[in-house]
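Understanding the architecture of this molecule
Each chain, letter by letter, is given below.
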Amino acid sequence: LTLVAALMNLRLLVTALAALTTLTSCGITGLYDGQRASARLQSRSGSHVTGWVIFTQVGDRVRVTGDLAGHTPGPKGFHIHEKGDCTAPDAMSAGGHFNPGNVKHGAPGEGHAGDFGNIVFDDYGSATINMMVSGVSVSKDKPNGIIGRAVLIHAQSDDLKTDPTGNAGCRVACGVID
């Protein structure tokens, strides 16, 4: 299992680096504001979920890409949390969902700024993320900035309505955005 996990982490890293290199080598950098951040997600709460997530500022929105592995199949809650602290074994040190607007939990674009909805893990326990989100920025200095916060994967699906967490269950992977 350790060798498999190491190979998956290596694949995720190579994929992330290839994506960044391709964008730059193709001259696509002009479309971006040049602000990028990433997070390496590590297992929490006794899970085996790991992966990488990359955040790229595109105008007033953020492209979120990444690869994850080690989860059970199906949709799982995907959120930005208020604190960039993943030290607790259950990731509770990351605090609640990032919510600078002080609104109720909801679907992406309708709830907390950190409410990114669900990502779907396939039958092999892997998921690829490729989405555009609004309401956040790849910044540390803006009120909606995500640098220095944590990105989390939850054990269950986010119901997109129950405040404050969407009943997404425990926190199974956590990474600090930098």
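Below, the structure is looked at part by part. Everything quoted here is computed from the prediction, not taken from an experiment. (Residues numbered from 1 in each chain as written. Predicted model: local features only at pLDDT ≥ 70, side-chain atom pairs only at ≥ 80, totals over all residues. Heavy atoms only, no water.)

Now for the sheet that holds strand S2 (residues 50-58). Taken together, the eight strands give an open sheet; going across it, the order is S5-S4-S7-S8-S1-S2-S3-S6, and neighbouring strands pair in antiparallel fashion. Looking at which strands have only one partner, the edges of the open sheet turn out to be strand S5 (115-121) and strand S6 (127-133). In this sheet, adjacent strand axes meet at a mean angle of 20° when their direction is disregarded. (Pairing = 2+ DSSP bridges. Helix = DSSP H or I, 4+ residues; strand = E, 2+ residues; numbered from the N terminus. Axes fitted to C-alpha atoms, helices over the stretch in contact; angles between N-to-C directions.)

Relative to the helices and strands, Thr165 resides in the loop between strand S7 (150-154) and strand S8 (171-176). The exposure class of Thr165 is partly exposed, given its relative accessible area of 35%. On a C-alpha basis, the gap between Thr165 and His97 in space is 7.3 Å, while along the polypeptide they are 68 residues apart. Residues within four places of Thr165 in sequence aside, it is in contact with His79, His97, His105 and Asp158. (Buried < 20%, exposed > 50% of the residue type's maximum accessible area, 1.4 Å probe, protein only. Contact = heavy atoms within 4.5 Å.)

This part is about unusual backbone geometry. Here the bond from Asp163 into Pro164 is cis, since omega is 5°, no more than 30 degrees from zero. Within the secondary structure layout, Pro164 lies in the loop between S7 and S8. For Ala91, which is not a glycine, the phi torsion comes out positive at approximately 65°. Within the fold, Ala91 resides in the loop between strand S4 (74-81) and S5. Overall, Ala91 belongs to the buried group, its relative accessible area being 0%. Although it is not a glycine, Asn102 adopts a positive phi angle of roughly 50°. In this structure, Asn102 sits in the loop between S4 and S5. For Asn102, a relative accessible area of 67% corresponds to the exposed category.

As paired strands, strand S1 (residues 36-43) and S2 are joined by six bridges and run antiparallel to one another. Pairing of Ser38 across the sheet is with Ile54, part of S2. The antiparallel hairpin formed by S1 and S2 contains six residues in its connecting segment, where Ser45 sits at a positive phi of about 55°.

Within the secondary structure, Lys83 sits in the loop between S4 and S5. Expressed as a C-alpha distance, the spacing of Lys83 and Arg149, which sit 66 residues apart in the sequence, is 4.8 Å. When sequence neighbours within four positions are dropped, the list of residues in contact with Lys83 reads Ser93, Ala94, Gly95, Gly148, Arg149 and Ala150.

Further remarks concern the environment of Asn99. Tracing the backbone shows Asn99 in the loop between S4 and S5. Sequence-distant contacts of Asn99, defined by excluding residues within four places in its chain, comprise His112 and Ala113.

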